[in-house]
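Results of the structural survey
Each chain is listed here by its residues.
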Amino acid sequence: MYGFINTCLKSSITEKYGEEVWEKLRIAAGVPDTFLTFKVYSDDNTLRLVEEACELLDIKPEILLKQFGEYFFEFCKMSGYDRMLRTLGGNLIDFIENLDPLHSYLSLSYQDMNAPSFRVEKNEDNSMLLHYYSDRTGLYHIVPGIIGAVAKDFFNSEVTMELVNQMEEEERTGKKEHVVFLVTQKPLHSKEQLSKLSATPHHLIDTRKENEQQTDQVELESATNINCITGSTAKESHRETIPGKGRALRGFEPAYPDKLWIEIKTFCDCFPFHVVFDQELRVKQAGTSIQKIVPGLQTMNIQLDAYFTIVHPEVTFKILTIQKFINSIFRLRTKRVMMPESWKHCPMLELKGQMVWMEQFQCMLYLCSPLVRSFQELEERHMHIADIASHDVTRDLILLNQQRLAEMELSNQLERKKEELQILSKHLEEEKMKTEALLYAMLPKHVANQLKEGKRVEAGEFKECTILFSDVVEFTSICAQCEPIQIVVMLNTMYLEFDRLTTVHDVYKVETIGDAYMVVGGVPVPVSSHAERVANFSLAMIIAANGVMNPVTGRPIQIRVGVTTGPVLAGVVGEKMPRYCLFGDTVNIASRMESQGVPNKIHLSSSTCCALKDKCFEIQERGEIDVKGKGKMCTYFLIRNLMASENELLGRPQRESDSDKDSLHESEDSKCGVYQDRRSTVKMRYADTPEDVPETNYSKIKHMTGQTCDSESYGSFHSICSFKQLGDVDQCPKDHDEQATRKLNQKKVNSNLCILL
């Protein structure tokens, strides 16, 4: 089938069921996404599409094909064939009888078209038998959809089509599907007509019909009287209009002469391509040009089927079969063995025309024209324009078709270029997604989008967040005793696992410098559970580090982790290689917690300890230590999470052995939970985890203090002095007073409100 059919099928699916359904269907059927209009595709593509569509959409084939037939009619109208279809016939029967000539005309553009054939038999009860012939089996359900849509749109009527018979046609050469439909047609009334009919009494309708019949009778008598006065007969006045209302007589009776006023020689010259043959297919008469091309026709009473074969419709060369398909356009092709030597290596001549049965002579007249489409085909058949009669429109078709072929070639080139551009656009979109994914891995999404748009990224103030620093114990001595590649492999193995854990706990990786790894929670998107997220992340880091081997000792490496909570200022620094950096005293304290920590321990400041209070964590007091630049500080060690298992912390699927632990936090009110994302990594769920909140929902985010800031900057740029005042974090003693507890709870409420907004 041509790509036009497959394009129509694609448009039908996408318009009714959407692009996603078409993509699934296309992949399942193994067909391309786009089809060239004038390119021939295998019938298997269309049949696979229909089969997969029935299975995917759970629709019976007959229903799907009927829907496609209805849409195909509308698609043809949208494609520019509306006027052509409307002019095929004034009623449904004429329309169907002229479908074969329409296909014959379209074959000029679609030269390899294998269109179905239609034949109509009229019944006495105004119904008709529609014969459908096709080389493709199983697609006859399209016909009711097309015919029903045509009857409703063009002729304001409704048809019912009943399947009468389905068989393989014996009269046609080859195995052809022959389906017979009983078609019943009834008019459709508009709402206005129905309302008028319902409002009009029955006796008025009967009176109106009687008046119309009387008027017709009076007009007929008046016409007869006029003819008697003028001395003319009724046949002579068949073109006159009846005086009175100006209505012409219904029906038309043509006038024929008593004898044929044309000479035989003149007829053969005027119609150079015609053949008359009898019931035994013996040639009785032939036109001059066809005799010139096929010299054997100059001999009368030769067998026509010895020189020609029927190409369309594909029927046997018998007079009875031809009479059955008398309304079809017949295409005959010369046989190579019967042509002169000069034609042996030339394309065979094809004739296209109409069969007319002459009852008086019991002969068939084949009035035809040569089927040539271009000057090249004329030259290949050793013909000239002069061989075609002046009144034959084939002359004009050849001249016009030459230009149309050039336009078709240009159209094909444009379609091919369009297909190439679509493929390139798809590849470009894929590369763009890869580039954006890489960019978003380096910078926060809102910052990256602003930089792409050429905007200036303003710094944002975050009232409360949690920062983590980690480093490898004795990293300097390890570097001194190992090859550089071993250091790279060790750090890469460790950082890949840490990066995965940032996804599990939804914290932001700020940067890595050597063996130092920096993470922040609550930036760039403020969340109330930032301390919990970073605490769980730090516990997972300790576990994950045990799986990374020291290249010197062959034992697991040891890391130090420092965590603190407080305000920061975040912004983009630099143009060449922009970085999203954090500034403030909180960053310094986190660094001090890491540098003065203990191997394989998580060192917490008092502010983080306050934030984790009553959060299902086991915390051990370390006591007061001297912190550079801060003096004495009371610090703590984070031991474990009392509610989460190791698999949860590491983002692994749960094992059966963990079921006892998991039973502790299966309720919906649990503050920690897990869910499986599309990958194998299991994200940890927190109380403030948004449920697939789109990015636009963060257009306005409230700070912990209640101040509103734009999502793209997450805060306004404050002076360093005011920021330093906020940066002084008081140490939190073991026994908190009620006022401090209320302030902490108020921060949590504001944070939850932030996410809700």
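Residues numbered from 1 in each chain as written. Predicted model: local features only at pLDDT ≥ 70, side-chain atom pairs only at ≥ 80, totals over all residues. Heavy atoms only, no water.

1. Observations regarding the packing of helix α1 (residues 3-17) against helix α4 (residues 61-86)
In helix packing, the relevant descriptors are the interaxial angle and the interaxial distance, both defined with respect to the helix axes. One way to put it is that α1 packs onto α4 with a least axis distance of 10 Å and a crossing angle of 110°. The angle between α1 and α4 places the two elements in the roughly perpendicular class. Where α1 crosses over α4, the handedness of that crossing is right-handed. Between α1, through Phe4, Ile5, Thr7, Cys8, Leu9, Ser11, Ser12, Glu15, Lys16 and Tyr17, and α4, the contact on the second element is made entirely by Gln67, Phe68, Tyr71, Phe72, Phe75, Cys76, Ser79 and Tyr81. (Axes fitted to C-alpha atoms, helices over the stretch in contact; angles between N-to-C directions. Helix = DSSP H or I, 4+ residues; strand = E, 2+ residues; numbered from the N terminus. Parallel < 35°, antiparallel > 145°, perpendicular 65-115°, else oblique. Left-handed = near helix turned anticlockwise from the far one by under 90°. Contact = heavy atoms within 4.5 Å.)

2. Quick look at the packing of aromatic side chains
Enumeration according to the criterion identifies 19 aromatic pairs in this entry. Ring centres of Tyr495 and Phe498 lie 6.5 Å apart, and the angle between their planes is 45°; this geometry places the pair in the tilted category. One end of the pair, Tyr495, and the other, Phe498, are both in helix α17 (residues 484-505), 3 residues apart, so they sit about a helical turn from each other. An identical accessibility class is assigned to Tyr495 and Phe498; each is buried. Plain terms: the ring middles of Tyr495 and Tyr517 are 5.3 Å apart, the flat faces sit at 40° to each other, and that makes the pair tilted. Here Tyr495 is found in helix α17, whereas its partner Tyr517 is found in strand β13 (residues 516-521), with 22 residues between them in sequence. (Phe/Tyr/Trp six-rings, centres within 6.5 Å; stacked < 30°, edge-to-face > 60°. Buried < 20%, exposed > 50% of the residue type's maximum accessible area, 1.4 Å probe, protein only.)

3. A few points about a nonpolar patch on the surface
A surface patch of nonpolar side chains, amounting to about 260 Å² of accessible area, comprises Tyr105, Val393 and Leu397. Examined against the element boundaries, Val393 turns out to sit in the loop between α13 (375-380) and α14 (394-442). Looking at Val393, the relative accessible area reads 54%, which means it is exposed. (Patch = residues over 30% accessible without salt bridge, like charges linked within 9 Å, V, L, I, M, F, W, Y side chains within 5 Å. Areas by Shrake-Rupley, 256 points an atom, 1.4 Å probe, with all protein chains shown as cover. Salt bridge = Lys/Arg side-chain N within 4 Å of Asp/Glu carboxyl O.)

4. A closer look at empty space enclosed by the protein
Using the criterion set out here, one finds 2 cavities of 30 Å³ or more in the structure. Ile96, Glu97, Asp100, Phe118, Arg119, Val120, Lys324, Phe325, Asn327 and Ser328 together form the lining of the largest cavity. Considering each element in turn, the lining of the largest cavity owes the most residues, 3 residues, to strand β1 (residues 117-122). Roughly 30 Å³ of volume is contained in the second largest cavity. (1 Å grid on protein atoms, 1.4 Å probe; cavity = no way out; pocket = protein on both sides within 12 Å on 5 of 7 lines; lining within 4 Å. Points joined across faces, edges and corners; volume = space filled by probe spheres on them.)

5. What about unusual backbone geometry?
The omega torsion of the bond from His312 to Pro313 falls at -10°, within 30 degrees of zero and hence cis. If you trace the backbone, Pro313 turns up in the loop between β7 (308-312) and α12 (319-324). The linkage connecting Val523 with the following residue, Pro524, adopts the cis geometry, with an omega of 5°. For Pro524, the location among the structural elements is in the loop between β13 and α18 (530-545). The backbone of Asn126 shows a phi angle near 70°, a positive value even though the residue is not glycine. The residue Asn126 is located in the loop between β1 and β2 (128-134) in this model. Even without being a glycine, Glu474 presents a positive backbone phi close to 55°. For Glu474, a relative accessible area of 60% translates into the label exposed.

6. Some details on the sheet that holds strand β5 (residues 274-278)
Taken together, 6 strands build an open sheet; the order of strands is β6-β5-β10-β9-β8-β7 and the sheet is antiparallel. With partners counted over all chains shown, the strands left at the sheet margins are β6 (283-286) and β7, one partner each. Across the sheet, the mean angle separating the axes of adjacent strands is 30° when strand polarity is ignored. (Pairing = 2+ DSSP bridges.)

7. Quick look at the pairing of strand β10 (residues 363-370)
Across the 8 residues that make up β10, a large majority, 7, are buried. Pairing geometry for β5 and β10, over 5 bridges, is antiparallel. Note on β10: the bridge partner recorded for Phe277 is Met364. Linking two consecutive strands that pair antiparallel, namely strand β9 (residues 350-358) and β10, is a turn of 4 residues; a positive phi of about 55° is found at Gln362 within it.

8. Thoughts on the nonpolar core
Among the nonpolar cores identified, the biggest contains 56 residues, and Leu85, Leu92, Phe95, Ile96, Leu130 and Phe181 are the most heavily contacted of them. Apart from the residues lying within four places of it in its own chain, the contact partners of Leu130 are Ile96, Phe118, Arg119, Val120, Val143, Ile147, Met161, Val179, Val180, Phe181 and Val183. (Core = buried A, V, L, I, M, F, W, Y, C linked by side-chain atoms within 4.5 Å.)

9. Brief notes about the side chain of Asn6
You can see Asn6 is positioned in helix α1. Assessed through its relative accessible area of 0%, Asn6 is described here as buried. The residues contacting Asn6, other than those within four sequence positions of it, are Phe35, Tyr41 and Thr46.

10. Brief notes about the sheet that holds β1
Ordered in space as β1-β2-β4-β3, the 4 strands form an open sheet in which the pairing is antiparallel. Of all the strands in the sheet, the pair left with one neighbour each is β1 and β3 (157-168). Averaged over all pairs of adjacent strands, the angle between their axes in this sheet comes to 25°, without regard to strand direction. Judged from the 7 bridges that link them, β2 and strand β4 (residues 177-187) form a sheet pairing that is antiparallel.

11. A few points about the environment of Arg500
The topology assignment puts Arg500 in helix α17. Expressed as a C-alpha distance, the spacing of Arg500 and Thr681, which sit 181 residues apart in the sequence, is 8.0 Å. Once you skip the residues sitting within four places of it in the chain, Arg500 turns out to touch Leu650, Gly651 and Thr681. For Arg500, the side chain forms a polar contact with the main-chain oxygen of Leu650, separated by 2.5 Å. (Polar contact = N/O pair within 3.5 Å; in protein donor to acceptor, adjacent residues only side chain to side chain.)

12. With respect to the packing of α17 against α18
Direction vectors running N to C along α17 and α18 enclose 150°, while the axes themselves pass 10 Å from each other. Here α17 lies roughly antiparallel to α18, going by the angle between them. Note that α17 runs across α18; the crossing there is right-handed. In this structure, α17 contributes Glu497, Phe498, Leu501, Thr502 and His505 to the contact, and α18 contributes Arg533, Asn536, Phe537, Ala540, Met541 and Ala544.

13. Topic: the confidence of the model for the protein
Reading predicted coordinates in detail is not appropriate for stretches of low pLDDT. The pLDDT averaged across the protein works out to 78; a share of 78% of its residues lies at or above 70. Low pLDDT, under 50, characterises residues 222-249; the predicted model gives this stretch 19 contacts beyond four residues in sequence or across chains. (pLDDT = per-residue confidence, 0-100.)

14. Overview of the environment of Gly629
With respect to the helices, strands and loops of the structure, Gly629 is situated in the loop between β17 (617-627) and β18 (631-641). It is 9.1 Å that separates the C-alpha atoms of Gly629 and Ile589, two residues lying 40 residues apart in sequence.

15. Quick word on the pattern of salt bridges
Throughout the structure, instances matching the rule amount to 29 salt bridges. A salt bridge links Arg560 to Asp471; the nearest nitrogen and oxygen atoms lie 2.9 Å apart. Taken as a pair, Arg560 in strand β14 (residues 559-573) and Asp471 in strand β11 (residues 460-472) lie far apart in primary sequence, 89 residues in all. Just as Arg560 is buried, Asp471 falls in that class too. Here Asp499 makes a salt bridge to Lys509, at a shortest N to O gap of 3.1 Å.

16. Section: α14
Here α14 is 49 residues long and its end C-alpha atoms lie 70 Å apart, about the 72 Å a rise of 1.5 Å per residue gives. Of all bends in α14, the biggest is about 30°, found at Asn401. Within α14, burial applies to Thr394, Ile398, Asn401, Met408, Asn412 and Glu415. (Expected span 1.5 Å × (residues − 1). Bend = angle between axes of the 7 residues up to and from the residue.)

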